[in-house]
Every structure is written in C-alpha cells, then in structure tokens.
Amino acid sequence: MAEWLLSASRQRRVKAMTAAAGSAGRAAVPFLLCALLAPGGAYVLDDSDGLGREFDGIGAVSGGGATSRLLVNYPEPYRSQILDYLFKPNFGASLHILKVEIGGDGQTTDGTEPSHMHYALDENYFRGYEWWLMKEAKKRNPNITLIGLPWSFPGWLGKGFDWPYVNLQLTAYYVVTWIVGAKRYHDLDIDYIGIWNERSYNANYIKILRKMLNSQGLQRVKIIASDNLWESISAAMLLDAELFKVVDVIGAHYPGTHSVKDARLTGKKLWSSEDFSTLNSDTGAGCWGRILNQNYVNGYMTSTIAWNLVASYYEQLPYGRCGLMTAQEPWSGHYVVESPVWVSAHTTQFTQPGWYYLKTVGHLEKGGSYVALTDGLGNLTIIIETMSHKHSKCIRPFLPYFNVSQQFATFVLKGSFSEIPELQVWYTKLGKTSERFLFKQLDSLWLLDSNGSFTLKLQEDELFTLTTLTTGRKGSYLPPPKSQRFPSTYKDDFNVDYPFFSEAPNFADQTGVFEYFTNMEDPGEHHFTLRQVLNQRPITWAADASNTISIIGDYNWTNLTIKCDVYIETPDTGGVFIAGRVNKGGILIRSARGIFFWIFANGSYRVTGDLAGWIIYALGRVEVTAKTWYTLTLTIKGRFASGMLNDKFLWTDIPVNFPKNGWAAIGTHSFEFAQFDNFHVEATH
C-alpha cells in the first residue's frame, strides 16, 4: 500500500516523503499532497472566522519540592548541558515557562527548600538554588516567563498556628519581599505569583496581595489562583467582582484535559498550572504529548506546566524520575535526556507565548487530536498526536478508555494559510525500540500544486509537527559519563568560606534546613560547619517529621560506618542523631525506619529503629552536654549495629533486622539549632 501511494504521488510530480520505520527500506510514513481517495477524516485549518485563545506557553516546575536539589552539584560541562536541553531555544525542551517554589522551610514532596526569611527579622536572597536556576534559564532564554508559588511557609508567619492566613498583610508582605528580592539581588522579573499550592485560598488575602504588589510598583506581576481545583475559585470569582478583577489566570492541577463551565464563564485565561508528574518513560512521554494538545482541545487551557522540570533528587524518594529529564548523579556527571524533552519540543520549538490557537482544532476521527497555532504574521504550526490509551496514561487523574487506530487524515489549509508553499515536518514515534523515533526531521512538505491540502497516514503513538518555521533543531552533546553508584567512601568537612550555594552537596533535607555555617566562636577545627537552622516548625504543606533530618548517599547501602562530629546548641532538651539504612523520605518522612543513634543534652543516649523514636533498641546514661563537640560513630553490618562516642564503644551488637538498606542521615531531636562537622561514610553494598 505504502509503495503504491508513493508512486501515485510521484506521477503527480509533487514531492513526497517517507520516514524509515521498522525494517530497512520499508516506507512507513507516506505523505500525500493531494487528497487521494483514501478513507479517513478531513480537517480544515482556517482563520477566516478569527482566531481562538492566546497561547501562553509550555513550562515546568522546579520545586514542590527540592526536585532540582542534585542538579546544582553537577560538574561542568554537564550541568550547562542539562540546562541547555531544558531552556535553550531551538535545542531541546526549549521551555517557555519556569515555575519555582518559593521556599518555605517545609517538606514539599521530595525535600525541603529554604525560605528567604527563616525568622521574622531575617532576609537572605541567596539561599537554595531557585534563584540560580531562574538566572540560568533567563541566560538561555531572556523571554522565559517566571512564576513563583509557595508550598509551605516559615513558622513565624502562623503565630503559633499551622496556617498562613492568620495575618493576611504579613503573609502578603513575605511573598512580595521575595518578588522584590528577586529583582534587587538577581535582576529577575517575576511575571506571575500564586497563592498556596493545592491548599486553601483566602479571597481577602488575594485582594491584599494585589494591593501590596501595586504599592511596590509591581502592577505587571499577575496573580494565578488557586493552583488546586477549578470549582471553588471559579465560582467565587463569578460572585465577587473585586476577586474577579484581581485574579488574572485560573490555574488548576491535573485537570484531566477538562475545565469546568464556571471557569470558562469567567473569560479568564485557563491554565493547567501543574500536570504530568509521571515516570519519564515513553508512557510518560505519551501522557505529556496527549495532554499538551488535549488540554486546549477539551479544556481551552492555554498553558500546561509539568511537574517536574528535571528529576534531580534521589530516585527512591516519592515520584522518582518524574521530571522531563533525569539528572540524579552529580558524583558521576551522568544524565539522561528522556523522551518527554523531545515531546515538549514538538510544541515549544515551533510556537511562542503570544501566538494564537486557531478555532479549528479538535479530535481525529479514529483517535488522537490536532491543534494549530499562528503568530498572526503568516506562520502556522500544526501539532498532531495519536497517543494510545495504553501508552499515554498519566499518574492522575483516571483516564477513561478510548481507542486509537490507523487512519488517513486530510488537512486543508484555508484563509490566510491557503497560499503556504511548504511545511517543515518533525516526527516522533514512541514504543518499540525497532520503530522508535524521537523528534526526527523528515523531508519538508510542498503544497504548491495541492490547493493547500495534504493527507497523512497516522498510526498509534505518533507525534507530527508541521510548521512554516525553519528554526527547529534536535540539539545534542557528546554522551555524558556512564552511570555510577554514589561513592562508597564519602567525606565532607564543610570547610567552605564563601559557599556559592547554602547547602552542602548531596545532602537532601527532608525536614528542617541544613546550611553551611561559619562558627565565629570556634576559630579552630570547627570554624566551618553544617548547621540545622530552623527553631520552629514551619507552616506545613505535607506531614513533616517532628525531628529534622537530612539524607545522603546510596539507597542500596547495607553495611556501612557513619562518623560525624556533632554539637548540640540547646541545653537540657536538645538532641542530635546520625543514622543508616534510612528507608523513606519526602512526604513519607514521618514513617522512616532505619538505625538511629541519638545523644541528648540531658546526658542520655538512645538507639531507635525509626525516626519518630517509637522502636527503642537501647537507651542509657552518658556524659553528654550542650555546647560541646562529640564524635558519633555508627557501624551497621549484616544484622547487627554498634555505636561509639568519641571513639569508645557505647553500645555493641544490637540486632537490627529491618530495614536491609537505605540512606545515611544526620538530624536533630526537634526544630532546634545544632551543628555537624567532618561527616564520613564508609559503605559496602
């Protein structure tokens, strides 16, 4: 059939095109420039009756939380290569939008991100890595849209309550300082600001936030609400004229490609302001390809933002590898440009915010969808997807069954597009390795003698972009280093005088915030340390532990010795620990098991089988007090563990049957100041 179609089109002296797929030499993707009498649907692309909604861009989230944690520690040139694949125009994912967490000191999925205001009188706009990431994105794409959104908030805002709306002015002030600080210290213009990720909004707070933004000359910063469901915020806006006025964008999460009537009635921009969060396999890529089209076709959403940007966190944390690409090995430099990057490129490289969707978009007769966008200056981009149900399931919500089958689809260009002479063609086929293509440029499609029509043979799990733009490119670098396990011998003395980042490499805070610290009281061996800096529980987004904890290393570590100098700052009630085989993190941190070796300022020690301290293996008295440095050593081998204080055994050969493996960790008994130094792990798997 394919050979006959090609010969038929050659007889019409019109350039045709094939893409090799499957066995060598077999034409699998015939294009016909005139509508041959093949069965299938016909789809008109026309701007005669005006255009659809304005396109606002495709983006991704860093944060919510700590999803870019390991990225900052990558050596060059690999770190820059990863950033190029994400942000560089006409190279890889070429993202239009970067949305970041406004760090609030709380656990927000895969870790905590530090606030710019840990305490009421504290301001520091160099903590964490989101400032750096936004600058790197802007460096590559000066036009990228920047969004900030809080997940958790520092505890002092709640005045003793786990609630950010106790003092509306104070919380608005806190958020506005972040926006002002972004400009003052980093020359970053934040374009949009959110309310409280996937939690309650407060209409009065939104109004106060708008007034405070205006009072600071930030009229250009737009407000997104409410980063949760469509229903409540949409209905409230229809009933409250002032709220309606101050909300610029209605953002919903994981909408399943559908919006609701009230949201559409507002006439406001509708965004899927968080979506995807699916393993970045080809099925994840299929999910992403389907929703990028169908969020507009079904729900009129003009922006879709993926959680998350890059999977730069330990893979065994919740939602491992749910980024557009994977970069979770700074110690080796290894990273993987996953298929969702190239699915993104099908839209991002051939559109820009400010383009418009055509009104003529929709579903294909035998499954799949098509959208078309224009810049109003004669350029046209058409994106067609035929993702099957089996290979495009997102992590949420439930996807009702649908069928996709092979079909011929004829597209007819009308209106201002009828005279387009040529379209560039980019192609992706997901699935079996033997048939798989990612963002492959095919021969261009000539339309001169075809009355603006062409026919495509479409199969399951394909993506086509047909465009007048000639700037598309599949960027590439030499392969990165091979994957390696975390080093089995690891040391950090934290002796960094002017750290570029506030957090020590590879430590992933799961409750609390651990920062480089210059200990002015100790000019000697412990002048530079790592310090847990929170002294009260944050306004939480997830179930933070009651203890602070930072994990590090290889989740598969079984037999290991952890040694660390520790310094309790809180007299009487203070306490610190080192731990091994820690088996949970992220939003599950409260239930983490492992082997935890604690010492307390009241002169006691404890060995527990969990972070919460319910499973007690041993306890006793020991000469320990606050404001003194001690060296703790924990050795775990097979089914037994032993502990030393200042290189003398304190307890030995305690049976430990569970867990069998996990990370190393350090932490404190409560939200209290404490310091750590000369961390050292020796591990065997």
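Residues numbered from 1 in each chain as written. Predicted model: local features only at pLDDT ≥ 70, side-chain atom pairs only at ≥ 80, totals over all residues. Heavy atoms only, no water.

Novice: Would you explain the state of the cysteines in this entry?
Specialist: Covalent bonding between the sulfur atoms of two cysteines is what defines a disulfide. Taken as a whole, this structure holds one disulfide when the rule is applied. Each sulfur in the disulfide pair Cys287 and Cys394 lies 2.1 Å from the other. Where Cys287 bonds to Cys394 through sulfur, the torsion about that S-S bond is close to 100°, and the disulfide is right-handed. One end of the pair, Cys287, is in helix α9 (residues 282-299); the other, Cys394, is in the loop between β18 (380-385) and β19 (407-413), and 107 residues separate them in sequence. With respect to burial, Cys287 and Cys394 carry one shared label: buried. The closest cysteine sulfur to the non-disulfide-bonded Cys322 is located on Cys287, 9.8 Å from its own sulfur. (Disulfide = S-S within 2.5 Å. Helix = DSSP H or I, 4+ residues; strand = E, 2+ residues; numbered from the N terminus. Buried < 20%, exposed > 50% of the residue type's maximum accessible area, 1.4 Å probe, protein only.)

Novice: Sorry if this is basic, but what is going on with the sheet that holds strand β14 (residues 334-336) here?
Specialist: Strand-to-strand pairing in sheets goes through backbone hydrogen bonds, with the strands running parallel or antiparallel. Strand order in this open sheet of three strands is β12-β13-β14, and the pairing throughout is mixed. The open sheet has two edge strands, β12 (310-311) and β14, and neither has a second partner. Bridge analysis of β12 against strand β13 (residues 325-329) gives two bridges, and the strand direction is parallel. By the bridge assignment, Ala311 is partnered in β13 with Thr326. (Pairing = 2+ DSSP bridges.)

Novice: Please clarify how the sheet that holds strand β8 (residues 222-228) should be interpreted in this entry.
Specialist: What the eight strands build is a closed barrel, ordered β4-β5-β6-β7-β8-β9-β10-β11; its pairing is parallel. Relative to strand β6 (residues 145-150), strand β5 (residues 97-102) runs parallel, the two being bridged by six bridges. Note on β6: the bridge partner recorded for Leu98 is Leu146. Of the strands in this sheet, β7 (192-193) and β8 touch helix α5 (residues 203-215), which is tilted by about 155° from β8. The sheet strands contacting α9 are β4 (57-62), β10 (269-276) and β11 (303-307), and the helix crosses β10 at an angle near 165°. (Contact = heavy atoms within 4.5 Å. Axes fitted to C-alpha atoms, helices over the stretch in contact; angles between N-to-C directions.)

Novice: How should the environment of Phe658 be read in this particular structure?
Specialist: With respect to the helices, strands and loops of the structure, Phe658 is situated in the loop between β36 (648-655) and β37 (663-668). For the pair Phe658 and Asn280, spaced 378 residues apart in sequence, the C-alpha separation works out to 31 Å.

Novice: Sorry if this is basic, but what is going on with the packing of helix α4 (residues 168-186) against α5 here?
Specialist: Helix packing for two helices is described by the angle between their axes and how far apart those axes are. For the pair α4 and α5, interaxial distance at closest approach is 9 Å and the crossing angle is 45°. Relative to α5, the element α4 is oriented oblique. Once α4 is placed against α5, the crossing between them reads as right-handed. Together, Leu168, Gln169, Thr171, Ala172, Tyr173, Val175, Val176 and Ile179 of α4 and Asn204, Tyr205, Ile208, Leu209, Met212 and Leu213 of α5 make up the contact between the two elements. A per-class count over the contact of α4 with α5 returns 11 nonpolar, three polar and no charged. (Parallel < 35°, antiparallel > 145°, perpendicular 65-115°, else oblique. Left-handed = near helix turned anticlockwise from the far one by under 90°. Nonpolar A, V, L, I, M, F, W, Y, C, P; charged D, E, K, R; others polar.)

Novice: What is the right way to look at the packing of aromatic side chains in this model?
Specialist: Each aromatic ring pair is summarised here by two numbers: the centre-to-centre distance and the angle between the ring planes. Counting across every chain of the model gives 50 aromatic pairs. With 5.6 Å between their ring centres and 85° between their planes, Trp132 and Phe501 make a pair best called edge-to-face. Taken as a pair, Trp132 in helix α3 (residues 130-140) and Phe501 in the loop between β24 (489-492) and β25 (508-511) lie far apart in primary sequence, 369 residues in all. One exposure class covers both Trp132 and Phe501, and it is buried. Taken together, Tyr85, Phe91, Tyr335, Trp342, Phe350, Trp426, Phe439 and Tyr477 form an aromatic cluster joined through their ring pairs. The residue whose ring lies beneath Arg396 is Tyr254, and the NZ or CZ to ring-centre distance is 4.5 Å. Over the ring of Phe517 we find Arg531; its NZ or CZ atom is 4.5 Å from the centre of that ring. (Phe/Tyr/Trp six-rings, centres within 6.5 Å; stacked < 30°, edge-to-face > 60°. Lys NZ or Arg CZ within 6 Å of the ring centre and 35° of its normal.)

Novice: Looking at this structure, how should I read unusual backbone geometry?
Specialist: Comment: phi is negative for the bulk of residues other than glycine, and the bulk of peptide bonds are trans. Cis geometry marks the peptide bond from Glu76 to Pro77, where omega comes out at 10°. One can find Pro77 in the loop between β4 and α2 (78-87). Of note, the bond from Phe658 into Pro659 is cis; its omega dihedral lies within 30 degrees of zero at -5°. For Pro659, the position within the fold is in the loop between β36 and β37. You will see that Asp227, though not glycine, has its phi angle at about 50°, which is positive. The residue Asp227 is located in strand β8 in this model. Phi angles above zero are rare outside glycine, and Arg581 is one such case at about 55°. Position of Arg581 relative to the elements: it lies in strand β30 (residues 575-582). Taking relative accessible area as the criterion, Arg581 reaches 1% and is therefore assigned buried.

Novice: Looking at this structure, I do not really get α9. What am I missing?
Specialist: In an α-helix, one turn spans 3.6 residues, which is why side chains three or four residues apart end up on the same side. Spanning 18 residues, α9 covers 24 Å between terminal C-alpha atoms, matching the ideal 26 Å at 1.5 Å per step. In the structure, α9 departs most strongly from a straight axis at Asn293, where the bend amounts to approximately 35°. With 17 of its 18 residues buried, α9 lies for the most part within the structure. One side-chain oxygen at the N-terminal end of α9 lies 3.3 Å from the backbone nitrogen of Thr283; it belongs to Ser281. Trailing α9 by a residue or two, Tyr300 shows a phi angle of about 60°, which is positive. (Expected span 1.5 Å × (residues − 1). Bend = angle between axes of the 7 residues up to and from the residue. Polar contact = N/O pair within 3.5 Å; in protein donor to acceptor, adjacent residues only side chain to side chain.)

Novice: Could you clarify how one ought to interpret the nonpolar core in this entry?
Specialist: Most often, soluble globular proteins keep nonpolar side chains buried together rather than apart. Counting residues in hydrophobic clusters, the biggest one holds 181 residues, and the most contacted among them are Phe87, Leu98, Ile193, Ile206, Leu209, Ile599 and Phe679. Ranked by the residues each element gives to this core, the list is headed by α4, at eight residues. Beyond its immediate stretch of four places on either side in the chain, Leu209 contacts Ala172, Val175, Val176, Ile193, Ile195 and Ile223. In this structure, Leu45, Leu413, Phe454 and Phe464 belong to the second largest nonpolar core, which totals 26 residues. (Core = buried A, V, L, I, M, F, W, Y, C linked by side-chain atoms within 4.5 Å.)

Novice: What exactly am I supposed to notice about the environment of Tyr74 here?
Specialist: Checked against the element boundaries, Tyr74 lands in the loop between β4 and α2. Counting along the chain gives 358 residues from Tyr74 to Lys432, while the straight-line C-alpha distance between them is 32 Å. Beyond its immediate sequence surroundings of up to four residues, Tyr74 is in contact with Arg79, Ile82, Ala327, Gln328, Glu329, Pro330, Gly333, His334 and Tyr335. Polar contacts involving the side chain of Tyr74 include one to the main-chain amide nitrogen of Gln328, which spans 3.2 Å. Within the structure, Tyr74 has its side chain in polar contact with the backbone oxygen of His334 (distance 2.5 Å).

Novice: Quick question: what am I supposed to make of α5 here?
Specialist: With 13 residues, α5 extends 19 Å between its outermost C-alpha atoms, agreeing within 8% with the 18 Å of an ideal straight helix rising 1.5 Å per residue. Those residues of α5 not exposed but buried are Tyr205, Ile206, Lys207, Ile208, Leu209, Arg210, Met212 and Leu213. Looking at the buried residues of α5, the elements they touch are α4, β7, β8, α6 (231-239) and α7 (241-246). The residue sitting at the N-terminus of α5 and contributing the capping side-chain oxygen is Asn202; that oxygen lies 2.9 Å from the backbone nitrogen of Asn204. In the segment just after α5, Gly217 is the residue with positive phi, at about 75°.

Novice: Explanation requested: the UniProt feature "domain: Glycosyl hydrolase family 59 catalytic" (unreviewed entry) in the protein in the structure shown.
Specialist: Mapped onto this numbering, the UniProt entry gives "domain: Glycosyl hydrolase family 59 catalytic" (unreviewed entry) at residues 55-349. Secondary structure content for residues 55-349 is 34% helix and 19% strand, and the end C-alpha separation is 14 Å. (UniProt positions renumbered as here; feature names shortened; annotations may be inferred.)

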